[in-house]
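Breakdown of the fold
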Amino acid sequence: MTKSIRAGIFTAKGEEVKAIQHVSRISSKDQVTIPANIRKAIGIEPGDMVAYELQGKSVKLKKIEPFDAAYHAALSETLEEWNSPEDEEAFNDL
């Protein structure tokens, strides 16, 4: 369940939190609904991947792009010039 509330200063477990615009309740399955306008603002849709970055006692939510295996395979083919036994030996100490 997501509720819209007026922006202002609120206390969350003894800490001041400024300009809270939405509040979500954690479900019994530890799930949270991301409000529609937040999803739209960061450009996420069903099936997209998001990352959670801890910043002290806060969390930053970011959209992430999935790993593109085909792109990385094509890129690794261009790096063959660095794939000799001598190169392996030189890079082992890094």
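Here, the structure is the one placed above.
This text gives an overview of the structure that appears in the document. For clarity, every value in this text was computed on a predicted model and none was experimentally measured.

Thoughts on the overall build of the chain
Of regular secondary structure, the chain possesses 3 helices and 6 strands. Listing the helices and strands of the chain from first to last along the sequence gives β-β-β-β-α-β-β-α-α. Taking all 94 residues of the chain together, 4% fall into the buried category. Looking at the chain alone, contacts between residues at least 24 apart form 8% of all its contacts between residues at least 6 apart.

Some remarks on a nonpolar patch on the surface
A contiguous nonpolar surface patch, about 390 Å² in accessible area, is contributed by Tyr52, Leu54 and Val59. Positionally, Leu54 belongs in strand 5 (residues 49-55). A relative accessible area of 69% means that Leu54 is categorised as exposed.

Digging into the pattern of salt bridges
Tallying each qualifying case throughout the model produces 2 salt bridges. A salt bridge links Glu53 to Lys62; the shortest N-O distance between them is 3.1 Å. A relative accessible area of 34% means that Lys62 is categorised as partly exposed.

Things to note about unusual backbone geometry
The phi angle at Asp30 is positive, at roughly 60 degrees, despite the residue not being glycine. Turning to its location among the elements, Asp30 is positioned in the loop between strand 4 (22-24) and helix 1 (36-42). Judged by relative accessible area, Asp30 falls into the exposed class, the value being 67%.

Parameters at a glance
Residues numbered from 1 in each chain as written. Predicted model: local features only at pLDDT ≥ 70, side-chain atom pairs only at ≥ 80, totals over all residues. Heavy atoms only, no water. Helix = DSSP H or I, 4+ residues; strand = E, 2+ residues; numbered from the N terminus. Buried < 20%, exposed > 50% of the residue type's maximum accessible area, 1.4 Å probe, protein only. Contact = heavy atoms within 4.5 Å. Patch = residues over 30% accessible without salt bridge, like charges linked within 9 Å, V, L, I, M, F, W, Y side chains within 5 Å. Areas by Shrake-Rupley, 256 points an atom, 1.4 Å probe, with all protein chains shown as cover. Salt bridge = Lys/Arg side-chain N within 4 Å of Asp/Glu carboxyl O.

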